[in-house]
Amino acid sequence: MKYDFTTLVDRTGTGASKWNQMRTLNPDVKPGVVPLSVADMEFKHPPELIEGLKSFLDTAILGYTSPTDAYYNAVAGWMKRRHNWEIKNEWIVFTPGIVNAFYEAVSAFTQPGDNVLLMTPVYHPFYAAINKTGRNVVESALVRDENNRYDIDFEDFEQKCKDPKTKLLLLSSPHNPLCRVWTPEELTRLGRICIDNGVLVLSDEIHFDFIMPGYKHTVFATISEEFEQNVVLCTAPSKSFNLAGLQCSNIIIPNEQLRETYLTTLQSRAMGGRLNVMAFKGCELAYDQCEEWFDELLEVIYDNSQAVIAYCNEHMPKIKFTPLEATYLLWMDFRAYGLSNEELQRVLRMEAQVFMNDGAAFGEAGAGFARMNLAAPKHVLLDACERIKNAMAKYE
Ligand SMILES: Cc1ncc(COP(=O)(O)O)c(C=O)c1O
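Residues numbered from 1 in each chain as written. Predicted model: local features only at pLDDT ≥ 70, side-chain atom pairs only at ≥ 80, totals over all residues. Heavy atoms only, no water.

Visitor: Lay out the domain arrangement of the protein with the relevant residues and their values.
Guide: Annotation of the protein at the domain level lists domain 1 (17-46 + 291-395) and domain 2 (64-289). Carbon and sulfur atoms supply 60% of the area that domain 1 and domain 2 bury against each other, a total of about 3000 Å² over both sides. Of all residues in domain 1, Glu-291, Glu-325 and Phe-362 bury the most surface against domain 2, accounting for 27% of the area lost on that side. Across the contact surface, domain 1 and domain 2 share 6 salt bridges. (Domains from an automatic or database assignment. Buried area = accessible area lost by both parts, 1.4 Å probe. Salt bridge = Lys/Arg side-chain N within 4 Å of Asp/Glu carboxyl O.)

Visitor: So what's going on with the packing of helix H12 (residues 341-351) against helix H13 (residues 378-392)? Which residues, and what values?
Guide: Relative to each other, H12 and H13 sit at 120°, their axes nearing to 9 Å. As the angle between them shows, H12 and H13 are arranged oblique. When you trace H12 past H13, the crossing you get is right-handed. Between H12 and H13, the contacting residues are Leu-344, Val-347, Leu-348 and Glu-351 on the first element and Ile-388, Ala-391 and Met-392 on the second. The residue makeup of the contact of H12 with H13, split by class, is 6 nonpolar, no polar and 1 charged. (Axes fitted to C-alpha atoms, helices over the stretch in contact; angles between N-to-C directions. Helix = DSSP H or I, 4+ residues; strand = E, 2+ residues; numbered from the N terminus. Parallel < 35°, antiparallel > 145°, perpendicular 65-115°, else oblique. Left-handed = near helix turned anticlockwise from the far one by under 90°. Contact = heavy atoms within 4.5 Å. Nonpolar A, V, L, I, M, F, W, Y, C, P; charged D, E, K, R; others polar.)

Visitor: Kindly report on the pairing of strand E7 (residues 200-204), identifying the contributing residues and their values.
Guide: Extensive coverage of E7 is indicated by the burial of 5 of its 5 residues. Residues Leu-200, Leu-202 and Asp-204 of E7 are buried on one face, and the alternating residues Val-201 and Ser-203, pointing to the opposite face, are buried as well. Note: strand E6 (residues 166-172) against E7, 5 bridges, orientation parallel. Bridge pairing links Leu-168 to Leu-200 in E7. Assessed by its sense of winding, the connection that carries the chain from E6 through helix H7 (residues 184-196) to E7 is right-handed. As paired elements, E7 and strand E8 (residues 231-235) share 4 bridges and run parallel to each other. Across the sheet, residue Leu-202 finds its bridge partner in E8, namely Val-232. (Buried < 20%, exposed > 50% of the residue type's maximum accessible area, 1.4 Å probe, protein only. Pairing = 2+ DSSP bridges. Right-handed = clockwise from strand over helix to strand, strands pointing away.)

Here you go:
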């Protein structure tokens, strides 16, 4: 490997949210334990990014800043090269994060009392964006098959879309935490049902670069012009290059009327679609200069997933895995141990000292599951697996 994916950086005391949360959950956590929860990465950044930011700062004036041509070209170049998607500059709306983007979309495109559809279990802030803005969460539960893979129950999905109160779908594509890459056929069927029933699609594709060997991601808007006109498509460099702290998202809305409505909502909250100067520069450098680093990262994630699964299959065959088609988040089923969810999470955090996301946070069907973040040096993951093995031994 050309890049360093083995050095662990201790982020204690740096303000890293994931590390702070770990200490809140278990103030007595042992030194050396690394959290495997919140989706950010425990890898050093690509040197091209850090050096690029440093040399930018040598001459920069950090005043009010608008996107440059170089910025637009970097974003459009990434979408074209990696996702075969041609975008126009004017389609892009900037938000500091995708969580902001979907909260704003719920406000812009639905009214209090309307239904917003989720395919569950799913990324937990989706629920909050709906509940906290006075809309109703409507769930179409994904169905687990004998291989622990999840499918859409289209009959149920269509029925939920047919309810005239349902105005918006928040789609996680690829799906967090269930690791699914939706196929073009699935997206086509789903998108058709939405159009036929007047349901707008917000496609959150923040994980779209993390596609495992043998799978191919389809950007929702590339399916047809009709789909392109019925989508708010959320992208960002923040997962792929671990830039969440820079706060940069590119929300792509090809439909002019939807874009105007969205911008009006942003402006009404004094969030006129501006980013900070380092966000623009970080995104541009990442997309233009760090692609080789990203390709190596994908190999590391895949290799990590194989190592964790092999270890658990050998030592803890009761744990079942949903196939990792995408993302760097592994969905692990501990239900065969027969513990309540509360007890399982306690054992993992307090006895094993392994800090993953509680599966139940993603919806009721996630009880008995945990989500492991694979974006850490392999030895960190295998140490965690060993601690899980030791702690779970007495519950065999
Ligand atoms: C599906 C999904 N959407 C959005 C986000 C967060 O986006 P942001 O940090 O840009 O608000 C995450 C982070 O894990 C995510 O998994």
